[in-house]
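As a plain string of letters, each chain reads:
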Amino acid sequence: MFRKFAGKFPCTPRIVAGHVVNWPHMEKILYAFVDVYSVAMSPDKKRIACGLYDNTIQMWDIETGETLYPLLQGHKNTVMSIAFSPDGHRIVSGSKDRTVRVWDVKTGEALGSPLQGHADWVWSVAISPDGKHIVSGSDDKTIQVWDMETGKAFGAPLQGHVAAVLSVTISPDGKRIVSGSRDNTIRVWDMETGEAFGGPLQGHAGAVRCVAISLDGKRIVSGSQDKTIRVWDMETREALGAPLQGHIDQVTSIAISDGMRIVSGSLDQTIRLWDAKTGMALGSPLQGHTGLVLSVTISSDGNRIVSGSFDRTIRVWDADNIMSNVPFAALQNHIDTINSIAISPDGRRIVSGSDDRTVRVWDMETGRALVGPLRGHTHGVQSVAISPDGKSIVSGSGDNTIRMWNGETGEALGVSLQGHTGWVRSVAISPDKKYIVSGSDDGTVRVWDIETGEAYSLSGHSDWVRSVAISSDGHRIVSGSKVWDMWTHQALSTPLRGYTGGVLSVAISPDVSRIVCGLKDMTIRMWDMKTGEPLGVPLQGHTASVKAIAISPDGNRIVSGSYDKTVRVWDMKTGEAVGPPFRGHTEFVMSVAISPDGKRIVSSSGDKTIRVWDIDFSNRYPPFEVPPICFSSNLIHALHSPASFLEDSESETPAPFPLPFRMNEEGWIVGPKGRLLFWIPLTLYSGVMDALGSILVISGNAVQLDLSRVAHGTSWHRCREQY
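Reading the values: the criteria
- Residues numbered from 1 in each chain as written.
- Predicted model: local features only at pLDDT ≥ 70, side-chain atom pairs only at ≥ 80, totals over all residues.
- Heavy atoms only, no water.
- Helix = DSSP H or I, 4+ residues; strand = E, 2+ residues; numbered from the N terminus.
- Buried < 20%, exposed > 50% of the residue type's maximum accessible area, 1.4 Å probe, protein only.
- Contact = heavy atoms within 4.5 Å.
- Areas by Shrake-Rupley, 256 points an atom, 1.4 Å probe, with all protein chains shown as cover.
- Salt bridge = Lys/Arg side-chain N within 4 Å of Asp/Glu carboxyl O.
- Pairing = 2+ DSSP bridges.
- Axes fitted to C-alpha atoms, helices over the stretch in contact; angles between N-to-C directions.
- Polar contact = N/O pair within 3.5 Å; in protein donor to acceptor, adjacent residues only side chain to side chain.
- Core = buried A, V, L, I, M, F, W, Y, C linked by side-chain atoms within 4.5 Å.
- Phe/Tyr/Trp six-rings, centres within 6.5 Å; stacked < 30°, edge-to-face > 60°.
- Lys NZ or Arg CZ within 6 Å of the ring centre and 35° of its normal.
- pLDDT = per-residue confidence, 0-100.

1. Brief notes about the overall build of the chain
Next up, step 1: Looking only at helices and strands, one finds 4 helices and 59 strands in the chain.
Next up, step 2: In the chain, which comprises 723 residues, the share counted as buried stands at 56%.
Next up, step 3: Sequence separation of 24 or more characterises 47% of the internal contacts of the chain that already satisfy a separation of 6 or more.
Next up, step 4: When the accessible surface of the chain is summed, it comes to about 30900 Å², and 49% of that surface belongs to carbon and sulfur atoms.

2. As for unusual backbone geometry
Next up, step 1: With a phi close to 80°, Met522 is a non-glycine residue in the positive phi region.
Next up, step 2: Its place among the elements puts Met522 in the loop between β45 (514–519) and β46 (524–528).
Next up, step 3: With a relative accessible area of 37%, Met522 lands in the partly exposed category.
Next up, step 4: Even without a glycine there, the phi angle at Lys565 is positive, about 75°.

3. Focus: the pattern of salt bridges
Next up, step 1: A complete count under the given rule lists 11 salt bridges for this structure.
Next up, step 2: With a closest N to O distance of 3.5 Å, Glu235 and Arg176 form a salt bridge. Here Glu235 is found in the loop between β21 (228–233) and β22 (244–245), whereas its partner Arg176 is found in strand β16 (residues 176–181), with 59 residues between them in sequence.
Next up, step 3: Take Glu235: its relative accessible area is 56%, and that puts it in the exposed class.
Next up, step 4: Notably, a salt bridge pairs Glu365 with Arg600, separated by 3.1 Å at the nearest N-O pair. In this pair, Glu365 sits in the loop between β31 (359–363) and β32 (369–374) while Arg600 sits in strand β53 (residues 600–605), placing the two residues 235 residues apart along the sequence.
Next up, step 5: What makes Glu365 exposed here is its relative accessible area of 53%.

4. Digging into the sheet that holds β32
Next up, step 1: Strand order in the open sheet made by the 4 strands is β29-β30-β31-β32, with antiparallel pairing throughout. Looking at the sheet topology across the chains shown, the edges are occupied by β29 (338–343) and β32. Going from strand to strand, the sheet's axes swing by 15° on average, the running direction of each strand aside.
Next up, step 2: Summarising the sheet, β29 and strand β30 (residues 349–354) pair through 5 bridges and their orientation is antiparallel. Looking across to β30, one finds that Ser340 is bridged to Gly353.

5. Some remarks on the sheet that holds strand β33 (residues 381–386)
Next up, step 1: Read from one edge to the other, the open sheet built from 4 strands follows the order β33-β34-β35-β36, with strand pairing classed as antiparallel. The open sheet has two edge strands, β33 and β36 (417–418), and neither has a second partner.
Next up, step 2: With 2 bridges joining them, strand β35 (residues 401–406) and β36 adopt antiparallel strand pairing. Each bridged residue has a counterpart across the sheet, and for Ile402 the counterpart in β36 is Leu417.

6. Observations concerning the environment of Asp355
Next up, step 1: Along the chain, Asp355 falls in the loop between β30 and β31.
Next up, step 2: Spatially, the C-alpha atoms of Asp355 and Gly380 are 3.7 Å apart, while their sequence positions differ by 25 residues.
Next up, step 3: Polar contacts involving the side chain of Asp355 include one to the side chain of Gln382, which spans 3.3 Å.

7. Describing the nonpolar core
Next up, step 1: If you look at the biggest cluster of nonpolar residues, it comprises 14 residues, and the most contacted ones within it are Val36, Ile48, Cys50, Val306 and Ile314.
Next up, step 2: Breaking this core down by element, the ones donating at least two residues are β3 (36–41), β4 (47–52) and β28 (313–318).

8. Observations concerning the packing of aromatic side chains
Next up, step 1: All chains considered together, the criterion is met by 8 aromatic pairs.
Next up, step 2: Within the aromatic cluster, the residues linked to one another by ring pairs are Tyr37, Tyr53 and Phe310.
Next up, step 3: If you follow Lys96 out to its NZ or CZ, it ends over the ring of Trp121, 4.3 Å from the centre.
Next up, step 4: Just above the ring of Phe197 sits the side chain of Arg176; from NZ or CZ to the centre is 4.6 Å.

9. Here's the deal with the pairing of β29
Next up, step 1: Burial analysis of β29 places 6 of its 6 residues in the buried class, which makes it a mostly covered element.
Next up, step 2: Where β29 hands over to β30, the hairpin turn is made up of 5 residues, of which Gly347 adopts a positive phi near 75°.

10. A word on the side chain of Ser222
Next up, step 1: Following the sequence through the fold, Ser222 ends up in strand β20 (residues 219–224).
Next up, step 2: At 2.9 Å, the side chain of Ser222 forms a polar contact with the side chain of Trp232.
Next up, step 3: Ignoring sequence-local partners within four residues, the contact set of Ser222 consists of Ile186, His204, Val208, Cys210, Val211, Thr228, Ile229, Arg230, Trp232 and Ile254.

11. Brief notes about the environment of Ala196
Next up, step 1: In this fold, Ala196 is placed in the loop between β17 (185–190) and β18 (201–202).
Next up, step 2: A relative accessible area of 34% means that Ala196 is categorised as partly exposed.
Next up, step 3: For the pair Ala196 and Gly160, spaced 36 residues apart in sequence, the C-alpha to C-alpha distance is 8.1 Å.
Next up, step 4: Those residues in contact with Ala196 that sit more than four places away from it in its chain are Arg187, Val188 and Trp189.

12. A few points about the confidence of the model for the chain
Next up, step 1: For the chain, mean pLDDT is 85; residues scoring 70 or higher make up 82% of the total.
Next up, step 2: Considering only residues more than four positions removed or in separate chains, one finds that residues 323–332, a stretch of pLDDT under 50, has 21 contacts.
Next up, step 3: Scored below 50 in pLDDT, residues 642–659 makes 34 contacts in the model with residues more than four places away or belonging to other chains.

13. Remarks on the side chain of Ser438
Next up, step 1: Tracing the sequence through the fold places Ser438 in strand β38 (residues 435–440).
Next up, step 2: Reaching out from Ser438, the side chain makes a polar contact with the side chain of His420 at a distance of 2.7 Å.
Next up, step 3: A polar atom in the side chain of Ser438 sits 2.8 Å from the side chain of Trp448.
Next up, step 4: Among all residues touching Ser438, those that are not within four sequence positions of it are Ile402, His420, Val424, Ser426, Val427, Thr444, Val445, Arg446, Trp448 and Val468.

14. Observations concerning the pairing of strand β26 (residues 293–298)
Next up, step 1: Taking burial as the measure, the 6 residues of β26 include 6 buried ones, the bulk of the element.
Next up, step 2: Summarising the sheet, β26 and strand β27 (residues 304–309) pair through 5 bridges and their orientation is antiparallel. Bridged to Val296 within β27 is Ser307.

15. Here we look at the environment of Phe582
Next up, step 1: Looking at where Phe582 falls in the secondary structure, it is placed in strand β51 (residues 582–583).
Next up, step 2: Overall, Phe582 belongs to the buried group, its relative accessible area being 5%.
Next up, step 3: In the structure, Phe582 is positioned 21 residues away from Gly561 in sequence and 9.5 Å away in space, judged by C-alpha atoms.

If you want it as structure tokens, here you go:
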């Protein structure tokens with residue numbers, strides 16, 4: 001689509017660096033404003049219906065994203081399950097109020113009285129292919145078949161499960177019912193007689209949360225609390241192959257297309273696509289939801305997926321792009337939270353450690369991967385450090401061990417250092433390169449002899465040790481609120497006082513006169529190294545816990561990273577913030593470091609990216625001067641005349657620094673007065689170069705945009721013109 005129209009619209013944003021291999025998986029986000037328990041797609045793929053926590057049902061136009069009709073009201077408790085009739089004219093819903101209801105799709109009106117008979121929550125509903133029967137599964141351990149027209153129960157309840165029936169579905173020929181239960185089993189029933197076909201299907205180690213049947217009726221697919229998906233032969237009732245594994249939490253919803261694609265939703269907040277025949281995962285997990293995913297559905301042709309979540313959104317995904325839109329160079333980038341970073345003494349390399357269990361080395365200028373991934377840890381890497389000569393890397397992990405690596409080749413040096421009985425949260429290397437200091441969840445600090453691997457334990461903490469630092473003269477260790485003598489291993493003076501909440505990060509000034517800590521209480525505090533007395537007042541500005549602290553080589557500035565997703569710079573002497581916060585990360589800032597020349601800040605985040613910032617950016621654009629709107633490391637690509645956004649403003653005073661623009665929750669870049677500038681797909685934003693202080697973004701898909709020719713404001717209609 002872009003290639004087709006780009007030539008006709010030259011005055012629009014252009015990609016000048018990075019890559020977008022294909023359009024993002026996510027097509028749109030619909031906001032329900034309450035938890036979404038169930039979703040369904042109409043047979044013509046034009047409507048979405050969702051069952052909501054507030055007892056209502058909402059319908060949406062799948063193309064425009066607009067709501068259709070007022071909320072469908074009638075249930076007296078959460079709507080747990082939704083289904084469209086085969087002709088698309090009716091919706092059936094099941095609720096915690098123990099009833100099943102039928103609704104007219106065109107009018108949104110309830111048809112008849114609620115179907116009553118279950119003695120507990122109705123977890124799941126399904127409609128027969130001929131549209132004549134409804135099947136419901138309940139917490140009362142039974143399955144009930146209903147007549148769609150009369151609303152009367154068809155025969156006696158189907159009994160056999162010994163725990164709640166969490167899911168029901170009907171075979172394409174309408175002859176069989178398949179049910180999944182909290183008793184960890186699946187059962188197959190004769191629709192006409194209500195008799196069970198043989199014994200239960202056993203294999204799951206947890207509740208069977210969801211079941212589906214392939215469109216040829218030959219296979220059953222089940223998802224479970226045990227985090228796996230299983231495929232079964234309908235006739236033999238035998239499991240086909242090994243369980244499908246990939247989700248890291250309960251599988252809550254399953255759907256299958258006519259192309260034998262399985263789609264699954266999970267409490268791990270992701271959606272996955274699988275090949276039903278081979279059991280292979282197709283592409284990478286679909287990520288975007290920030291809450292539990294309770295319901296998914298897929299169109300019969302397999303082109304679209306719809307998901308509903310406790311994040312109060314319904315999301316529409318393009319299933320066709322999943323195979324083709326695997327991030328380029330995915331093997332070269334972290335795929336999980338980046339917990340720690342360090343900069344080499346020459347300022348040329350960045351080392352990072354991630355929850356993906358790897359350590360990686362990057363070029364500071366280009367962002368190119370130089371070494372790695374360094375593999376060996378069996379749990380997330382929590383901390384990394386570089387030796388003073390830059391030749392060695394040390395990493396601490398959630399596997400309770402410390403590892404050493406050759407900084408040039410990435411090869412492991414010796415065996416892992418073992419002794420901690422909890423996660424190793426922080427590591428540091430002494431200036432003489434002879435010792436490693438580590439802090440752990442086991443409440444201890446350990447000093448390791450690099451040559452022998454022997455350790456001395458410093459005990460005294462009553463809680464996790466989240467951060468350690470060694471003074472530049474090598475004589476002092478700071479761990480949380482305690483200061484230790486490096487050589488005697490004795491605690492010096494009393495613990496640091498004058499704060500509330502835990503210490504998340506520590507740093508020592510280059511002249512060894514001050515200790516700086518980032519705290520859970522959202523502040524930064526300083527203490528005198530010799531006396532242990534607090535210095536000045538707390539540094540306030542962050543709106544969440546301060547996870548990371550670094551001090552510039554000249555000792556004049558403090559840099560902090562916070563769970564509020566920002567990086568801040570502070571004046572060490574005055575305690576005042578230097579300029580506004582650096583914004584760009586879309587998740588918690590986990591670590592910060594400052595280059596040896598003091599000109600750059602490096603930060604890492606839960607958004608899986610590393611960002612490099614110009615520490616003096618704010619000095620170039622003082623208050624009330626409009627900085628450039630730029631998504632490139634080269635300001636030649638900035639939007640021309642950004643102040644034109646303000647020309648017709650009601651106020652004569654320009655908008656205050658730093659943001660003449662912002663990104664809204666749908667991905668639009670919004671100028672002053674709420675004007676929409678252009679749209680960046682949400683799935684790409686964490687890797688887009690935001691040049692408000694940013695020099696480089698290291699991610700799986702770093703993109704830079706040229707806005708220099710973009711027609712905007714009152715000249716938007718010139719987007720087709722050449723100039």
